[in-house]
Amino acid sequence: IIRVGDNKKIHQIELIPSDQLVAVISGRNRHVRLFPMSALDGRETDFYKLAETKGCQTITAGKVRHGALSCLCVAMKRQVLCYELFQSKTRHRKFKEIQVPCNVQWMAIFKGDELVVPETSDNSRKQMVRNINNKRRYSFRVPEEERMQQR
């Protein structure tokens, strides 16, 4: 944990080079803030605080919709908020809210618009996979070696 700028504790940093942004979980209440990359040079810059992100646990960023859209996913307890990122004054817009069956400890966006969240309610290594663009329920992916052990 490090301190920057206005002495807020930084819990996680996610670089989003395609949009020249840095997403940060910071402060006592763990809000998500978006900074322009020029803030890394030590310049004074404005930041954008995402309003609904109090108590954020983790963030991830990636390209969705076949690389046409930059997306920032913010996990808070049992839900994930997905934000569209763009080059304008507001910088973001919430476009999806996803309920998950367990607390999110880690997640990633993979090609094919998949949001992957490991299942942590038991000690298995299965992963919940959800396509960000449609409303299907989660499907579970179990690693090949675990499937072989179950036989």
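This is a predicted model, so every value here is computed, not measured. (Residues numbered from 1 in each chain as written. Predicted model: local features only at pLDDT ≥ 70, side-chain atom pairs only at ≥ 80, totals over all residues. Heavy atoms only, no water.)

## Looking at the overall build of the chain
The helix and strand tally for the chain stands at 1 helix and 13 strands. Each helix and strand of the chain, placed in order from N terminus to C terminus, yields the pattern β-β-β-β-β-β-β-β-β-β-β-β-β-α. Expressed as a percentage of its 151 residues, the buried residues of the chain come to 41%. (Helix = DSSP H or I, 4+ residues; strand = E, 2+ residues; numbered from the N terminus. Buried < 20%, exposed > 50% of the residue type's maximum accessible area, 1.4 Å probe, protein only.)

## Digging into the packing of aromatic side chains
On inspection of all chains with the given rule, the structure shows 1 aromatic pair. Geometrically, the ring pair formed by Phe35 and Phe47 is tilted, given 5.4 Å between the ring centres and 40 degrees between the ring planes. Note that Phe35 is positioned in strand β4 (residues 31–36) and Phe47 in the loop between β4 and β5 (48–49), a separation of 12 residues in sequence. The class for Phe47 is partly exposed, based on a relative accessible area of 36%. (Phe/Tyr/Trp six-rings, centres within 6.5 Å; stacked < 30°, edge-to-face > 60°.)

## Here's the deal with the side chain of Glu14
Tracing the chain through its elements places Glu14 in strand β2 (residues 8–16). Within the buried core, Glu14 has no salt-bridge partner, and the shortest N-O distance to an opposite charge, that of Arg30, equals 12 Å. Non-local contacts of Glu14, meaning those with residues more than four positions away in its chain, are made with Leu21, Val22, Ala23, Ile59, Thr60 and Ala61. (Lys, Arg positive; Asp, Glu negative; His and termini not counted. Salt bridge = Lys/Arg side-chain N within 4 Å of Asp/Glu carboxyl O. Contact = heavy atoms within 4.5 Å.)

## Regarding the environment of Thr58
Along the chain, Thr58 turns up in strand β6 (residues 58–64). Linking Thr58 and Ile13, residues 45 residues apart in sequence, is a C-alpha distance of 9.5 Å. Not counting residues up to four positions away in its chain, the partners in contact with Thr58 are Gln12, Ile25, Cys73, Val74, Ala75, Val104, Gln105, Trp106 and Met107.

## Looking at the confidence of the model for the chain
Reading predicted coordinates in detail is not appropriate for stretches of low pLDDT. Of the residues in the chain, 73% have a pLDDT of 70 or more, and the chain-wide mean is 77. Here residues 145–151 is modelled with pLDDT under 50, and outside its nearest four sequence neighbours on either side it reaches 4 contacts, counting other chains as well. (pLDDT = per-residue confidence, 0-100.)

## Thoughts on the state of the cysteines
Tallied over the full model, the rule gives 0 disulfides. Here Cys73 stays free of any disulfide, with the sulfur of Cys82 as its closest cysteine sulfur at 3.4 Å. Note on Cys73: relative accessible area 0%, which makes it buried. (Disulfide = S-S within 2.5 Å.)

## Notes on the pairing of β6
Taking burial as the measure, the 7 residues of β6 include 5 buried ones, the bulk of the element. Bridging between β6 and strand β7 (residues 69–76) involves 7 bridges; their strand directions are antiparallel. Across the sheet, Ala61 pairs through a bridge with Leu72, a residue of β7. Counted along the chain from β6 to the antiparallel partner β7, the turn is 4 residues long, and its residue Arg65 has a positive phi close to 55 degrees. (Pairing = 2+ DSSP bridges.)

## Side note on a nonpolar patch on the surface
The grouping of Ile13, Leu15 and Leu40 at the surface amounts to a nonpolar patch, some 300 Å² of accessible area in total. One can find Leu40 in the loop between β4 and β5. (Patch = residues over 30% accessible without salt bridge, like charges linked within 9 Å, V, L, I, M, F, W, Y side chains within 5 Å. Areas by Shrake-Rupley, 256 points an atom, 1.4 Å probe, with all protein chains shown as cover.)

## Quick notes on the environment of Ile109
Secondary-structure assignment places Ile109 in strand β10 (residues 108–110). Overall, the relative accessible area of 13% leaves Ile109 in the buried class. Counting along the chain gives 48 residues from Ile109 to Ala61, while the straight-line C-alpha distance between them is 6.8 Å.

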